[in-house]
Amino acid sequence: MAKNFDVVVIGGGPGGYIAAIRAAQLGFATACIDEWKNAQGGPAPGGTCTNVGCIPSKALLQSSEYYEHAGHDFKNHGIEVQGLRLDLAKMLARKASVVKQNNDGILYLFKKNKVSFFHGRGSFVARTEAGYEVAVAGASAETLVAKHVIVATGSTARALPGAPFDEQQILSNDGALAIPEVPKRLGVIGAGVIGLEMGSVWRRLGAEVTMLEALPAFLGAADEQVAKEAAKAFSRQGLKIHLGVRIDTVKADRKGVTVGYTDAKGEAQTLAVDRLIVSIGRAPNTTGLNPEAVGLALDERGFVAVDDDCRTNLPNVWAVGDVVRGPMLAHKAEEEGVAVAERIAGQHGHVNFNTVPWVIYTSPEIAWVGQTEQQLKAAGRAYRAGTFPFAANGRARALGDTTGMVKFLADAKTDEILGVHIVGPLASELISEAVVAMEFRASSEDIARICHAHPSLSEVTKEAALAVDKRALNA
Ligand SMILES: Cc1cc2nc3c(=O)[nH]c(=O)nc-3n(C[C@H](O)[C@H](O)[C@H](O)COP(=O)(O)OP(=O)(O)OC[C@H]3O[C@@H](n4cnc5c(N)ncnc54)[C@H](O)[C@@H]3O)c2cc1C
């Protein structure tokens with residue numbers, strides 16, 4: 001017998017599970033279907049983000065940063081460490097337990113909010129008068145019928161043509177987070193967010209890391225000044241990054257992986273490594289969803305086609321997160337999930353794409369919101385810029401982490417903040433102030449006039465805002 005719901009969500013990543021919770025909060029009978037399995041075959045909701053993305057990568061970034069601090073930086077604080085030893089198995093087990101806490105947390109939240117959870121693959125069967133019929137294929141087979149369906153099936157890593165992931169030598173993000181021994185030589189294809197984070201983890205643990213990037217500019221999406229500062233820091237750390245390359249061949253055998261590529265000067269090169277991480281982007285995941293059964297339209301790149309409000313071509317079918325256009329970020333997926341649940345309830349859910357923050361959790365961290373200087377120039381917008389270095393901040397000196405700066409970009413006439421770019425310690429946390437400011441359409445003067453705690457890294461934000469008007473106080 002079919003089970004009836006008001007809302008069925010297919011996919012339990014940050015887009016789907018948050019949409020399900022919000023729909024249930026709004027009083028809808030809600031189900032969420034997710035197929036992710038843990039090592040024991042049980043449910044592991046949370047999607048890419050929880051299982052092989054945001055959460056495990058941040059766990060390993062933290063552990064590897066502690067290891068690097070203990071090996072290199074503690075001595076500057078007068079702390080001598082002897083007999084430092086890496087227990088990688090324990091580090092990976094800790095990461096797995098952090099992931100499990102998050103999986104369990106989501107299952108608890110489903111119970112608390114009375115969301116019915118189905119473990120298995122959800123696929124469209126038909127559109128009937130009663131609503132959309134969705135089959136669940138898992139431990140047991142079920143048929144669900146719902147008036148509204150939210151597709152939140154996420155994305156999967158893209159492989160290089162002719163070099164499929166074996167997760168032993170040629171690794172996606174999945175294998176990159178579970179290498180059982182530190183490789184002596186690690187190759188990374190793609191110096192984007194995921195490549196830089198994974199490369200940083202394994203470099204800190206002792207691997208010699210070489211990154212190959214097709215684009216001629218480093219971190220093209222970031223502000224150029226910030227990207228340059230970050231590139232200098234990464235090169236000091238020993239990350240080798242080659243830009244403007246073309247990958248020609250990838251061959252794996254018992255000895256390792258050999259990458260044949262053409263460098264930026266057009267010369268043929270070879271890179272021999274023990275393992276290779278491929279992080280060249282992600283593809284929308286519609287495998288098994290059976291969109292044809294109901295006529296759900298995909299766009300030319302395979303994403304579920306949606307309008308600005310996440311409406312698909314079908315009435316009452318919505319799609320959110322990585323499976324639709326826009327940045328592949330967990331918090332963007334969550335915001336879309338909430339907005340869709342509220343629209344179903346007749347409310348005015350809204351996502352402001354101009355204030356979605358970007359963060360790269362390397363050391364130094366990189367974070368930004370709004371427009372870059374190169375975007376403002378290209379648009380012909382008159383702006384004023386203010387920058388302030390962490391090197392002139394007391395808290396950063398006390399932490400022993402003075403790399404980087406905060407940069408403000410504000411409209412030349414109105415002083416409205418148009419973009420804030422940070423490279424430096426805890427940029428991931430500092431960016432929130434800029435996001436709030438931009439949501440409230442604040443001016444740089446607003447931030448400059450706000451009292452910031454002393455000594456704190458946030459004073460660098462205030463000083464950068466003051467610098468827009470050329471009146472920074474501590475530099
Ligand atoms: C290594 C790495 C690090 C990252 N770090 C960050 C970060 O720090 N911050 C950030 O914002 N973003 C980060 N991301 C991106 C982030 O993980 C994604 O943007 C986010 O997970 C997208 O959420 P989603 O709900 O759209 O999809 P997913 O998280 O991909 O979830 C989709 C879920 O749907 C399930 N599913 C798919 N098809 C079906 C089906 N037919 N039936 C049932 N279930 C199905 C999948 O198994 C999965 O559980 C990272 C990604 C990676 C790979």
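Just so you know, these numbers come straight off a predicted model, no measurement behind them.

(A) Main features of the sheet that holds strand S8 (residues 185–189). The strand order S7-S14-S8-S9-S10 describes an open sheet built from 5 strands, whose pairing is parallel. Edge strands, defined here as strands with exactly one partner in the open sheet, are strand S7 (170–171) and strand S10 (240–242).

(B) Quick look at unusual backbone geometry. Between Ser363 and Pro364 the backbone carries a cis peptide bond, its omega angle lying at 0°. Counting through the fold element by element, Pro364 comes out in the loop between strand S17 (358–360) and strand S18 (365–370). Geometrically, the link from His454 to Pro455 is a cis peptide bond, its omega value of -10° lying close to zero. Within the secondary structure layout, Pro455 lies in the loop between helix H12 (444–448) and helix H13 (458–468). One non-glycine residue, Lys114, lies in the positive phi region at around 60°. A positive phi is found at Leu219, a non-glycine position, where the angle reads about 45°. Here Leu219 shows up in the loop between strand S9 (208–212) and helix H7 (224–237). Using a relative accessible area of 12% as the deciding quantity, one classes Leu219 as buried.

(C) How the structure looks around H13. Burial of H13 is extensive: 11 of the 11 residues sit out of reach of the surface. Three or more residues of H13 are buried, namely Ser458, Glu459, Val460, Thr461, Lys462, Glu463, Ala464, Ala465, Leu466, Ala467 and Val468. The elements touched by buried residues of H13 are strand S19 (383–389), strand S20 (405–411), helix H11 (427–439) and H12. Downstream of H13 by one or two residues, Lys470 has phi in the positive range, about 55°.

(D) View of the pairing of S9. Of all 5 residues making up S9, 4 are buried, and the element is well covered by its neighbours. Read as a crossover between parallel neighbours, the route from S8 over helix H6 (residues 193–204) to S9 is right-handed. With H7 bridging S9 and the parallel S10, this β-α-β connection has right-handed handedness.

(E) Region of the structure containing a nonpolar patch on the surface. Nonpolar side chains collect at one region of the surface, where Phe74, Ile79, Val81 and Leu84 lie side by side and expose about 290 Å² of accessible area between them. Considering the arrangement of structural elements, one finds Val81 in the loop between helix H3 (54–73) and helix H4 (88–112). Residue class for Val81 comes out partly exposed when judged on its relative accessible area of 33%.

(F) Here's a closer look at the site of the ligand. The environment of the ligand is made up of 38 residues, and the closest members are Asp34, Thr48, Lys58, Gly122 and Ala330. Asp322 has a polar side-chain atom sitting 2.8 Å from an oxygen atom of the ligand. Isolated, the ligand exposes 1,000 Å² of accessible area, and the fraction of that covered by the protein chains is 96%. Among the elements of the structure, helix H1 (14–25), strand S2 (30–34), helix H2 (47–52), H3, strand S3 (116–128) and helix H8 (330–344) are those that each provide at least two residues to the shell around the ligand. Residue contributions to the shell around the ligand peak at 4 residues, all from H2.

(G) The packing of aromatic side chains, seen in detail. Applying the stated rule across the entire model yields 5 aromatic pairs. Considering the side-chain rings of Phe124 and Tyr132, the 6.4 Å spacing of their centres and the 70° angle between planes classify their relative orientation as edge-to-face. On the basis of relative accessibility, which here comes to 0%, the residue Phe124 falls in the buried class.

(H) Structural detail: the nonpolar core. Leu186, Trp202, Phe218, Leu219, Ile277 and Ile366 are the most contacted members of the largest nonpolar core, which totals 35 residues. Mapped by element, the contributors of at least two residues to this core are H3, H4, S8, H6, S9, H7 and S18. With sequence-adjacent residues up to four places away left out, Leu186 is seen in contact with Ile179, Trp202, Ala207, Glu208, Val209, Thr210, Val273, Arg275, Leu276 and Ile277. With 29 residues, the next largest nonpolar core counts Ala396, Phe408, Val435 and Val468 among its residues.

(I) Examining the packing of H3 against H6 more closely. The contact between H3 and H6 brings their axes to 9 Å, and the two run at 35°. Here H3 runs over H6; the crossing is left-handed. Mapping the contact onto sequence places Ser57, Lys58, Leu60, Leu61, Ser64, Glu65, Tyr67 and Glu68 in H3 and Glu197, Met198, Ser200, Val201, Arg203 and Arg204 in H6. Residue composition of the contact of H3 with H6, grouped by class: 5 nonpolar, 3 polar and 6 charged.

(J) Molecular detail of the packing of H1 against H4. Axis separation between H1 and H4 bottoms out at 10 Å; the angle between their running directions is 20°. Put simply, H1 runs roughly parallel to H4. The handedness of the crossing between H1 and H4 comes out as left-handed. Contacts between H1 and H4 involve Tyr17, Ala20 and Ile21 from the former and Ile106, Leu109 and Phe110 from the latter. Its residues assigned to classes, the contact of H1 with H4 comprises 6 nonpolar, no polar and no charged.

(K) Focus on the pattern of salt bridges. Applying the stated criterion to the full structure yields 23 salt bridges. Among the salt bridges present, the one from Asp223 reaches Lys407, with a minimum N-O distance of 2.8 Å. One end of the pair, Asp223, is in the loop between S9 and H7; the other, Lys407, is in strand S20, and 184 residues separate them in sequence. In this structure, Asp223 and Lys407 share a single accessibility class: buried. Between Lys377 and Glu373 there is a salt bridge; the shortest N-O distance is 4.0 Å. Of the two residues, Lys377 and Glu373 are both situated in helix H9 (residues 373–379); the distance of 4 residues between them amounts to about one turn of the helix.

Cut-offs applied
Residues numbered from 1 in each chain as written. Predicted model: local features only at pLDDT ≥ 70, side-chain atom pairs only at ≥ 80, totals over all residues. Heavy atoms only, no water. Pairing = 2+ DSSP bridges. Helix = DSSP H or I, 4+ residues; strand = E, 2+ residues; numbered from the N terminus. Buried < 20%, exposed > 50% of the residue type's maximum accessible area, 1.4 Å probe, protein only. Contact = heavy atoms within 4.5 Å. Right-handed = clockwise from strand over helix to strand, strands pointing away. Patch = residues over 30% accessible without salt bridge, like charges linked within 9 Å, V, L, I, M, F, W, Y side chains within 5 Å. Areas by Shrake-Rupley, 256 points an atom, 1.4 Å probe, with all protein chains shown as cover. Salt bridge = Lys/Arg side-chain N within 4 Å of Asp/Glu carboxyl O. Near = heavy atom within 4 Å. Polar contact = N/O pair within 3.5 Å; in protein donor to acceptor, adjacent residues only side chain to side chain. Phe/Tyr/Trp six-rings, centres within 6.5 Å; stacked < 30°, edge-to-face > 60°. Core = buried A, V, L, I, M, F, W, Y, C linked by side-chain atoms within 4.5 Å. Axes fitted to C-alpha atoms, helices over the stretch in contact; angles between N-to-C directions. Left-handed = near helix turned anticlockwise from the far one by under 90°. Nonpolar A, V, L, I, M, F, W, Y, C, P; charged D, E, K, R; others polar. Parallel < 35°, antiparallel > 145°, perpendicular 65-115°, else oblique.

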